[in-house]
Amino acid sequence: MISERLKPLMANNSAVRMMFEEGNRLRAEYGKDKVFDFSLGNPDAPVPEEISKAIKDIVDETPVMELHGYMSNAGYEDVRATIAEHLNKLHGTSFGKNNILMTVGAASALNIALKTVVNPGEEVVIFAPYFLEYNWYVNNADGVVVPCQTDENFLPDMKRLEECITEKTRAVLINTPHNPTGVVYSEEVIKGIAEVLEKKQKEYDRAIFLISDEPYRELAYDGIKVPYITKYYDNTFVVYSYSKSLSLPGDRIGYLVVPPDMEDSEFVFETVTAVNRISGAVNAPSIQQKLVARCIDSKVNLEYYDRNRKTLYNGLKECGFECVMPQGAFYLFLKSPVEDAGEFCNAAKKYNILMVNGASFKAPGYVRLAYCVSHETIENSLPAFKKLAEEYNLNTL
């Protein structure tokens, strides 16, 4: 039999798999255009045109052993230097190649950071709601998740944060722009978090790390700026992925920043490099490393998601649903019209609408809709949402 430790993971995995299979079943029965699957954050925005050309050029121009052979476990030096220079230009940082570890996407980077700093039994504070797999990343490091409830706008509450941090706290994990709520943490919020952590580091006389998960950094709307966290707190890891910014989730390429101002930065970088190797990844995919360096200024068309965001939000409001306009990422958090959001999700399936119960994100009473789908899917879903709203006697406009 499997490990007792993994049984809860597999139970949750079964629920996710059932939703995926339900989508396939509905599409087979009713047709793809009549099923409105908002369950998965799988980017539908087109990959930037220059990406395909760059892949072909890299394969044609690069010697075989250089392209497919081993490199430093931290990644190609020139790629890391290019990314460091890019970040310095954008954010006024002072990174070099030995502050950038190339990783197999953001998930790998998060696991590496946690494995590097968390001792067995130490606590990682995470603002709720949060991405459900964070539990397992912390569990992989033998740590303990401490959920910290946010305010009514899903923003960190500094008083609650102080109460959650104890002598066992090793890290605070944040995600902005945020999955599942679409919230972006302002500079004021980041400064508040940094102030609390500085105070607690002094109180307990030990390093407390801030781990910032930023795969949606480029997906911020209405001119909203996403603060770069290392400016505000020295002991910060920054986790990044190109899955969303370039629509490359299956290519599994990202990086981990270990800033020079972090305590024992050089030794920490040596350690994350070793953890990358022993985790089984060994190194990030070679072609994808060269690809992101060559296309360092590329990004998906933000208007693609912004159009979806506005259409879905306005359509749901017209149906009488209660939701907040997302500031970033590609998720909309909808308040369930009944206390049991699971019941609401099941009712939505009658109209071929698939959503994720907010309880999966430590937010009962809400559902998450991923609007990284085609615009036609959103437009075609609105009559179904209207029927769903009528079932709950909502006041449609």
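Look above for the structure.
Keep in mind that what you see is a predicted model, and the values were worked out from it rather than measured. (Residues numbered from 1 in each chain as written. Predicted model: local features only at pLDDT ≥ 70, side-chain atom pairs only at ≥ 80, totals over all residues. Heavy atoms only, no water.)

The secondary structure content of the protein amounts to 13 helices and 13 strands. Taking 2.2 N^0.38 as the reference for a compact globule, 397 residues should give roughly 21 Å; the C-alpha atoms of the protein span a radius of gyration of 21 Å, in line with that estimate. Along the longest, intermediate and shortest principal axes, the C-alpha atoms of the protein span 60 × 55 × 50 Å. Counting every position in the protein, which comprises 397 residues, the buried fraction comes to 53%. Intrachain contacts of the protein at a sequence separation of at least 6 include 74% that bridge at least 24 residues. In the form shown here, the protein has an accessible surface area of approximately 18000 Å², with 50% of it arising from carbon and sulfur atoms. (Helix = DSSP H or I, 4+ residues; strand = E, 2+ residues; numbered from the N terminus. Rg over C-alpha atoms; globule rule 2.2 N^0.38 Å. Buried < 20%, exposed > 50% of the residue type's maximum accessible area, 1.4 Å probe, protein only. Contact = heavy atoms within 4.5 Å. Areas by Shrake-Rupley, 256 points an atom, 1.4 Å probe, with all protein chains shown as cover.)

What follows covers the sheet that holds strand β12 (residues 356-357). In space, the 4 strands of this open sheet follow the order β9-β10-β13-β12, with antiparallel pairing throughout. Of all the strands in the sheet, the pair left with one neighbour each is β9 (322-323) and β12. (Pairing = 2+ DSSP bridges.)

A cluster of nonpolar side chains, Ile2, Leu6 and Met10, forms an exposed patch at the surface whose accessible area comes to about 240 Å². Relative to the helices and strands, Ile2 resides in the segment before α1 (7-30). (Patch = residues over 30% accessible without salt bridge, like charges linked within 9 Å, V, L, I, M, F, W, Y side chains within 5 Å. Salt bridge = Lys/Arg side-chain N within 4 Å of Asp/Glu carboxyl O.)

Throughout the structure, instances matching the rule amount to 18 salt bridges. A salt bridge links Lys97 to Glu77; the shortest N-O distance between them is 3.0 Å. In this pair, Lys97 is assigned in the loop between α4 (77-91) and β2 (100-103) and Glu77 in helix α4, connecting sequence segments 20 residues apart. On the basis of relative accessibility, which here comes to 33%, the residue Lys97 falls in the partly exposed class. With a closest N to O distance of 3.2 Å, Glu122 and Arg170 form a salt bridge. With Glu122 in the loop between α5 (105-117) and β3 (123-128) and Arg170 in strand β5 (residues 169-175), this pair connects stretches of sequence that are 48 residues apart. Judged by relative accessible area, which is 13%, Arg170 ranks as buried. One salt-bridge network, in which partners are shared between bridges, spans Asp222, Asp306, Arg309 and Lys310.

For the pair α5 and helix α9 (residues 265-278), interaxial distance at closest approach is 9 Å and the crossing angle is 120 degrees. Considering the angle they form, α5 stands oblique to α9. Seen along the crossing, α5 lies across α9 with a hand that is right-handed. Counting all contacts with α5, which are made through Ser108, Ile112, Lys115 and Thr116, the residues of α9 involved are Val268, Thr271, Val272, Val275 and Asn276. Considering only residue class, the contact of α5 with α9 consists of 4 nonpolar, 4 polar and 1 charged. (Axes fitted to C-alpha atoms, helices over the stretch in contact; angles between N-to-C directions. Parallel < 35°, antiparallel > 145°, perpendicular 65-115°, else oblique. Left-handed = near helix turned anticlockwise from the far one by under 90°. Nonpolar A, V, L, I, M, F, W, Y, C, P; charged D, E, K, R; others polar.)

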